[in-house]
Amino acid sequence: MKIVKPKSLLLTLEFPPDIGGIANYYRQIAKSDESIQVLRLKISSRRLSWIRCFWGAARQIKKDKIDCLRIGQVLPLGYLGLIFKLTRHKRYLVYVHGLDILSSKLSKWKKFWIKVILRQARSIITNSNYVKDRALKKYKIDNKKLKTVYPKIDLAAIGSVAEKLAPIERPSGVKIILSVGRLVERKGFDKVIEALNKLKIMNYELGIMNWEYWIVGDGPDRAILTSLVKKYDLTDRVKFLGAVPSSQIYQYFKVSDVFIMPCREINGDIEGFGIVFLEAAAFKKPVIAGRSGGAPEAVVDGVTGLLVDPMSFEEISQALIKLLTDEELALKLGQQGYERVRREFAV
């Protein structure tokens, strides 16, 4: 007799074609279990706009005989989980990623409802042990409810897409340092630019004169980063490539030599894990990450990459020098990063 798995519905504001780690995280979760259906919702910036989502969710729950809800954003979609639990007796689980529950900017009202939503949930899924531990301490949740589910990537799909993409031209004999991500303070791109200023000064004695820094992504800090580049006279070495479709990002990973994102915590805004580190490792690239948030779970220091103090441009510059000048080490870390992804993070 065939066992029928309970049907669940993932309610989320982020899902492909949206770009970003959270959207990709949910895509892999949905692909991993055919009993999971997805309802991508849209809300406006107006207060209580999430209420409009109730009717669409209710229709799908009834139509497809959904047994359990998966809440992609604790606020505001967690309110829907509570409502369906109280009115339709539907169980729900919640995914949390870091900023959504740890931000210092959360009002007392929001903290109260986050605690209620988490405590009423059947289970809580975090994207790293770091986020799990912080959630436990901040909201005093039953430890048995919490489970870490790391992001995963599809190596075969990435390889297939990357193979079909037209190669990007790179300057001959130039080392490419790559960053990919939203241009916000916690990504640490400002500290990379400061470190590159030191690298420029040391070029002649180190014999690594030919390098460029490519930044893929856009965001509110672009003007700040541009002004830093001008301040340090790096306009001929730093390229802002803007937002790029997720599939085309692989072109840049392919031609890069080192991937860097020295993430740091800003008022509770953290890198919960850092799926982009796994994507770099998929192309056997050595990575430099900030010793912050869940990044040390994505990058093993001295094994798959280098961890640095994200506030120290001195440490960042030393890590860059090490990987740009020691080709054997760079290849070793890149290969070991790929093997770890294949073993632990591949679907």
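A brief report on the enclosed structure follows. (Residues numbered from 1 in each chain as written. Predicted model: local features only at pLDDT ≥ 70, side-chain atom pairs only at ≥ 80, totals over all residues. Heavy atoms only, no water.)

What to know about the overall build of the protein
The condition is simple: Note on conventions: DSSP H or I runs of at least 4 residues are helices, E runs of at least 2 residues are strands, and numbering of each starts at the N terminus. In this setup the radius of gyration rests on C-alpha atoms only. A globule is expected at 2.2 Å times the number of residues raised to 0.38. Buried residues are those whose accessible area, probed at 1.4 Å on protein chains only, stays under 20% of the maximum for their type, while exposed residues exceed 50% and partly exposed ones sit between those limits. Contacts between residues were defined by any pair of non-hydrogen atoms, one from each residue, lying within 4.5 Å. To be clear on the numbers: accessible area is Shrake-Rupley with a 1.4 Å probe, and residue cover counts the displayed protein chains and nothing else.
If you tally the helices and strands in the protein, you get 14 helices and 12 strands. Here the C-alpha radius of gyration of the protein, 21 Å, is about what a compact globule of 347 residues would show, namely 20 Å. Going through the 347 residues of the protein one by one, you find that 54% of them count as buried. For the protein, the proportion of contacts with a sequence separation of at least 24, taken over those separated by at least 6, is 72%. Surface accessibility of the protein: about 17,000 Å² in total, with carbon and sulfur atoms responsible for 53%.

What to know about the state of the cysteines
Keep this limit in mind: For this text, the term disulfide refers to a pair of cysteine sulfurs within 2.5 Å.
If you walk through the whole model with that rule in mind, you get 0 disulfides. Between C53, a cysteine without a disulfide, and C68, which holds the nearest cysteine sulfur, the sulfur-to-sulfur distance is 18 Å.

Describing unusual backbone geometry
Both trends apply: most residues other than glycine have a negative phi, and most peptide bonds are in trans. Residue P16 is joined to P17 through a cis peptide bond whose omega torsion reads 20°. Inspection of the secondary structure puts P17 in the loop between β1 (8-12) and α1 (21-32). Omega for the peptide link from L75 to P76 comes to 10°, which places this bond in the cis form. Along the polypeptide, P76 turns up in helix α3 (residues 74-88).

Remarks on the nonpolar core
Quick reminder of the rule: Buried Ala, Val, Leu, Ile, Met, Phe, Trp, Tyr and Cys residues form a nonpolar core when they are joined through side-chain atoms within 4.5 Å.
Counting 69 residues, the largest nonpolar core has L196, Y213, F253, F259 and F277 as the members making the most contacts within it. Residue contacts for Y213: discarding those within four places in its chain leaves I177, L178, S179, F189, V192, I193, L196, R237, V238, K239 and I260. Formed by 36 residues, the second largest nonpolar core is a distinct cluster that contains V74, L82, V94 and V96.

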